[in-house]
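Listed here are the chains, written in short residue letters.
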Amino acid sequence: MDALDASKLLDEELYSRQLYVLGSPAMQRIQGARVLVSGLQGLGAEVAKNLVLMGVGSLTLHDPHPTCWSDLAAQFLLSEQDLERSRAEASQELLAQLNRAVQVVVHTGDITEDLLLDFQVVVLTAAKLEEQLKVGTLCHKHGVCFLAADTRGLVGQLFCDFGEDFTVQDPTEAEPLTAAIQHISQGSPGILTLRKGANTHYFRDGDLVTFSGIEGMVELNDCDPRSIHVREDGSLEIGDTTTFSRYLRGGAITEVKRPKTVRHKSLDTALLQPHVVAQSSQEVHRAHCLHQAFCALHKFQHLHGRPPQPWDPVDAETVVGLAQDLEPLKWTEEEPLEQPLDEALVRTVALSSAGVLSPMVAMLGAVAAQEVLKAISRKFMPLDQWLYFDALDCLPEDGELLPSPEDCAPRGSRYDGQIAVFGAGFQEKLSRQHYLLVGAGAIGCELLKVFALVGLGARNSGGLTVVDMDHIERSNLSRQFLFRSQDIGRPKAEVAAAAARRLNPDLQVIPLTYPLDPTTEHIYGDNFFSHVDGVAAALDSFQARHYVAARCTHYLKPLLEAGTLGTRGSAKVFMPHVTEAYRAPASATASEDAPYPVCTVRHFPSTAEHTLQWARDEFEGLFRRSAETINHHQQAHTSLADMDGPQTLTLLKPVLGVLRVRPQNWQDCVAWALGHWKLCFHYGIKQLLRHFPPNKVLEDGTPFWSGPKQCPQPLEFDTNQDMHLLYVLAAANLYAQMHGLPGSQDSTALRELLKLLPQPDPQQMAPIFASNLELASASAEFGPEQLKELNKALEVWTVGPPLKPLMFEKDDDSNFHVDFVAAAASLRCQNYGIPPVNRAQFHHLKWTCWDHLKVPAGQPERTLELLLAHLQEQHGLRVRMLLHGPALLYSARWPPEKQAQRLPLRVTELVQQVTGQILAPGLRVLVLKLSCEGEEEDTAFPPLHYEL
């Protein structure tokens with residue numbers, strides 16, 4: 001099968017998010033891959049689930065051992081009905097349901113050398129060291145990529161061996177570095193100057209680069225990769241350009257990624273020479289001690305035929321002794337590591353090692369599956385070679401609060417694996433928690449799975465509320481594993497809640513499809529939040545995150561916030577008035593709130609972010625705000641002259657476009673889309689250049705088109721250019737959706753139709769300029785005749801049903817929303833010589849997640865009386881407690897008569913007396929905010945929450 005045929009089998013809608021990150025060739029390799037996963041406890045199930053969702057060609061499961069109670073704490077594919085049944089056989093059908101394109105089979109025999117030859121990647125989980133060494137040696141011998149992974153309580157271990165000659169075609173997890181060119185000199189060497197604002201510091205000496213879009217020195221366009229030298233001033237030497245044509249303008253320089261060869265040691269060698277990459281020597285030492293702890297646990301299992309008993313001090317001391325007796329680790333074949341063993345760390349690992357925890361296997365299973373993906377796709381650098389992770393800080397710092405062996409003994413419960421780490425008392429507290437989960441997408445599904453397995457809210461007094469207003473789409477199925485194809489179109493919250501109950505029938509879970517925003521505070525108000533112990537947010541917009549974080553601060557609830565970006569992810573915890581408050585970084589806020597100057601976005605873009613903002617503005621103006629405006633006109637029977645002046649006129653004229661009548665069919669929509677293409681990328685640019693010619697010079701002699709201002713060039717429409725066609729296809733479909741007309745996805749038929757359409761009349765194009773930039777105001781371009789014409793056209797549109805405003809939705813790859821914005825931004829880049837934006841970069845730039853958390857040190861909180869006394873005695877400040885604005889006076893300086901009058905009152909009575917407000921029925925919480933009158937007006941204190 002050739003590459004073209006293989007690509008036809010790739011379900012681009014299902015795997016859309018992976019395609020953005022990996023590309024089609026890598027996805028085709030993944031679809032043909034054969035993987036063996038041995039060990040189907042919690043960790044193996046996580047690895048297998050992720051591989052099936054990724055779309056590997058075939059997955060073979062191996063685990064003949066029977067299901068036991070402790071498996072249910074972390075293995076989401078198993079239930080009480082599977083007890084005593086083979087783990088692999090019990091897991092096979094549910095895994096196959098996740099993706100019917102993946103062949104999921106069970107191997108019931110031993111793992112032999114001949115069997116291993118059938119696979120490209122072999123993964124062992126929770127295997128004995130003897131089995132790891134045997135299988136690892138055979139895989140290394142035959143060039144089969146090998147992984148071994150394990151978790152013991154709160155620590156995890158992952159080992160990768162991809163052989164001694166593994167070539168990584170794309171070593172980095174980033175798009176190739178690209179930058180806009182300002183100038184190139186003729187000479188030996190030629191000196192290339194990047195446009196102002198480019199990230200020059202990312203280029204390195206010896207990088208290979210190529211060029212595109214250059215006018216004048218065309219010999220460089222699409223040339224063989226050239227090596228560069230970075231000069232002190234940031235300019236680049238690009239080799240001999242003496243004989244080349246003189247550079248005129250434009251162009252981009254793009255990094256050419258070099259393949260890199262990785263050499264891995266086999267497991268038997270790497271056991272004594274564990275190479276650990278860490279940020280500090282302390283982290284390296286900790287990883288080495290964890291390495292020795294795992295080796296000692298394997299030795300204990302070999303000697304006693306069992307793992308250490310939960311929190312058994314005798315077994316723990318035995319493990320410490322075994323670790324001390326191990327052969328010392330080595331830097332090289334001969335040189336040992338001179339590092340003392342951290343006995344306390346090894347002891348803690350041993351005490352808590354008997355348990356299996358769902359959060360631990362979820363984290364390590366995701367990393368292991370990602371390494372399998374690297375082995376198959378040969379994209380991104382693999383692990384080198386050991387990874388150790390621990391969450392031992394989850395244990396109480398006070399030794400007296402640590403669980404006892406009796407508290408951690410097995411109980412024949414689905415939570416035995418968790419009780420072995422934290423004890424039955426902790427499990428009881430966990431079951432009585434009530435949490436709010438906002439968002440049931442990819443991360444939300446993972447959180448809901450973990451919450452179900454750990455038993456969060458699994459008692460009558462506890463519970464879990466899942467909030468999500470969205471419905472399931474096909475593109476969700478490759479990463480939101482609680483959903484199936486038959487669920488498409490159903491509410492995410494309801495389907496996810498039902499799936500969570502199947503994972504754990506004890507779970508008390510309530511789905512809600514109302515959005516959590518300012519319009520629903522009558523639903524998510526005092527009464528609701530008074531029953532919530534904490535909030536987990538898995539949202540895809542910073543606006544929604546800010547709002548949820550603000551509600552958590554208002555109600556003093558802890559917040560767990562998480563997100564992903566390509567191959568990266570982040571998770572943060574916010575405690576009101578303990579940690580730093582939630583805030584998005586400036587770059588993230590910029591992408592949503594459009595802080596770029598309007599003139600820059602409209603006329604002088606210099607970065608991909610500018611073009612993306614312009615494209616999003618185009619979408620909102622063409623397909624949402626214009627429809628809302630026309631519907632308002634239709635309902636209110638107003639004329640254009642009565643509307644909001646030039647802004648409304650400028651908004652409506654592009655939507656009316658070259659048609660001047662309501663579209664009746666698909667051809668009309670295509671004609672409008674072609675006309676708007678011409679307006680944006682050809683006539684509009686020519687009009688801009690009439691006002692600002694390429695040779696325009698400012699009064700001080702500086703060329704107008706210099707620095708970040710890159711002189712644009714109009715594009716000529718070409719149906720053979722994929723991005724030109726994609727824009728028209730997307731715009732026409734969106735225009736059709738807005739008018740309730742059928743669209744089309746047939747790009748071949750669209751090409752033929754475009755050949756038959758007449759060219760748009762530029763006189764019917766809308767003006768694109770605002771009143772700045774030394775141009776006539778937009779309103780001046782609307783004469784009485786044009787106004788009359790537009791009113792007449794608009795009157796025609798009032799005959800018929802209202803238009804449908806389109807709300808931008810990035811997760812549905814079949815609705816043309818992302819297609820339109822990505823194509824518009826890419827074409828805008830072509831106009832201005834900006835390195836083009838593809839769909840992957842579009843998602844990366846617009847929805848990013850951030851992972852830095854600062855926890856300021858602070859003193860323990862004071863009681864109210866101590867706080868008031870301190871402020872009074874030390875600073876002489878007059879304290880006021882505020883309730884939604886009005887002042888509730890409370891002060892040690894009250895005169896005796898006022899104290900006698902007010903102190904006996906109930907708080908609610910005092911609030912009503914002082915503020916004149918009658919408290920709303922059902923109010924459960926008074927939020928009293930402290931402010932200080934004194935020299936330091938900005939002194940801030942936590943709000944006081946008074947529960948009624």
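The structure displayed is predicted, hence computed values, not measured ones. (Residues numbered from 1 in each chain as written. Predicted model: local features only at pLDDT ≥ 70, side-chain atom pairs only at ≥ 80, totals over all residues. Heavy atoms only, no water.)

**Quick word on the overall build of the protein chain**
No. 1: Regarding its fold elements, the protein chain presents 31 helices and 26 strands.
No. 2: Within the protein chain, contacts between residues separated by at least 24 positions form 71% of all contacts whose residues are at least 6 apart in sequence. (Helix = DSSP H or I, 4+ residues; strand = E, 2+ residues; numbered from the N terminus. Contact = heavy atoms within 4.5 Å.)

**Digging into the sheet that holds strand β11 (residues 226–227)**
No. 1: The seven strands lie next to each other as β11-β10-β14-β8-β9-β13-β12, forming an open sheet whose pairing is antiparallel. Two strands in the sheet have a free side with no partner beyond their single neighbour: β11 and β12 (229–230).
No. 2: In this sheet, strand β14 (residues 252–256) lies alongside strand β10 (residues 208–212) in antiparallel orientation, the contact comprising five bridges. By the bridge assignment for β14, Leu 208 is matched with Val 256. (Pairing = 2+ DSSP bridges.)

**Here we look at helix α14 (residues 424–431)**
No. 1: The complete set of buried residues in α14 reads Ala 424, Gln 427, Leu 430 and Ser 431. Burial along α14 is one-sided: seen end-on, the buried residues are contained in an arc of 115°. (Buried < 20%, exposed > 50% of the residue type's maximum accessible area, 1.4 Å probe, protein only. Arc of directions from axis to C-beta.)

**A few points about the packing of aromatic side chains**
No. 1: Scanning all chains against the criterion turns up 28 aromatic pairs.
No. 2: On the numbers, 4.7 Å between centres and 35° between planes, the contact of Phe 422 with Phe 426 is tilted.
No. 3: Look at Phe 623 and Trp 672: their rings are 6.0 Å apart centre to centre, the planes differ by 70°, and that puts the pair in the edge-to-face class. Of the two residues, Phe 623 sits in helix α21 (residues 608–636) while Trp 672 sits in helix α23 (residues 666–691), which places them 49 residues apart along the sequence. Trp 672 shares its class with Phe 623; the two are buried.
No. 4: Every member of this aromatic cluster is reached through a ring pair, and the members are Trp 614, Phe 619, Phe 623, Trp 672, Trp 677, Phe 681, Phe 717, Tyr 727, Tyr 735, Phe 808 and Phe 820.
No. 5: Its guanidinium or amino end placed over the ring of Phe 481, Lys 49 lies 4.8 Å from that ring's centre, counting from NZ or CZ.
No. 6: Sitting over the ring of Phe 76, Lys 449 keeps its end group 5.5 Å from the ring centre. (Phe/Tyr/Trp six-rings, centres within 6.5 Å; stacked < 30°, edge-to-face > 60°. Lys NZ or Arg CZ within 6 Å of the ring centre and 35° of its normal.)

**Examining a nonpolar patch on the surface**
No. 1: A contiguous nonpolar patch, built from Val 573, Met 575 and Val 578 and spanning about 230 Å² of accessible area, is present on the exposed surface.
No. 2: Examined against the element boundaries, Val 578 turns out to sit in the loop between β22 (568–574) and α19 (586–593). (Patch = residues over 30% accessible without salt bridge, like charges linked within 9 Å, V, L, I, M, F, W, Y side chains within 5 Å. Areas by Shrake-Rupley, 256 points an atom, 1.4 Å probe, with all protein chains shown as cover. Salt bridge = Lys/Arg side-chain N within 4 Å of Asp/Glu carboxyl O.)

**Some points on the packing of helix α12 (residues 358–377) against helix α15 (residues 442–454)**
No. 1: Direction vectors running N to C along α12 and α15 enclose 145°, while the axes themselves pass 9 Å from each other. Residues Ser 358, Pro 359 and Ala 362 of α12 lie in contact with α15, whose contacting residues are Lys 449, Val 450, Leu 453 and Val 454.
No. 2: Residue composition of the contact of α12 with α15, grouped by class: five nonpolar, one polar and one charged. (Axes fitted to C-alpha atoms, helices over the stretch in contact; angles between N-to-C directions. Nonpolar A, V, L, I, M, F, W, Y, C, P; charged D, E, K, R; others polar.)

**A short note on the confidence of the model for the protein chain**
No. 1: On average, residues of the protein chain score 81 in pLDDT, and 76% of them reach the 70 mark or higher.
No. 2: Note that pLDDT drops below 50 for residues 874–893; the model gives that stretch 59 contacts with residues more than four away or on any other chain. (pLDDT = per-residue confidence, 0-100.)

**Thoughts on the pairing of strand β16 (residues 386–390)**
No. 1: What you see with β16 is a clean split: Trp 386, Tyr 388 and Asp 390 sit on the buried side and Leu 387 and Phe 389 on the side with no burial.
No. 2: In the sheet, strand β6 (residues 155–161) pairs with β16 via five bridges, with the strands oriented antiparallel. Bridged to Gly 156 within β16 is Phe 389.

**Examining unusual backbone geometry**
Only a minority of non-glycine residues have a phi that is not negative, and only a minority of peptide bonds are not trans.
No. 1: Pro 189 follows Ser 188 through a cis peptide bond whose omega is 10°.
No. 2: Position of Pro 189 relative to the elements: it lies in the loop between β8 (178–184) and β9 (191–194).
No. 3: Within the chain, Ala 126 stands out as a residue other than glycine whose phi angle is a positive 50°.
No. 4: Given the relative accessible area of 35%, Ala 126 is considered partly exposed.
No. 5: Phi angles above zero are rare outside glycine, and Phe 816 is one such case at about 70°.
No. 6: Locating Phe 816 in the fold gives a position in the loop between α26 (784–797) and α27 (817–832).
No. 7: Accessibility expressed as a relative area gives 8% for Phe 816, which makes it buried.

**Let's talk about the sheet that holds β6**
The pairing of strands in a sheet happens through backbone hydrogen bonds and is either parallel or antiparallel.
No. 1: Read from one edge to the other, the open sheet built from seven strands follows the order β3-β2-β1-β4-β5-β6-β16, with strand pairing classed as mixed. The sheet is open, and its two borders are formed by β3 (103–106) and β16, each paired with just one other strand. Taking each pair of neighbouring strands and ignoring which way they run, the sheet shows an average axis angle of 15°.

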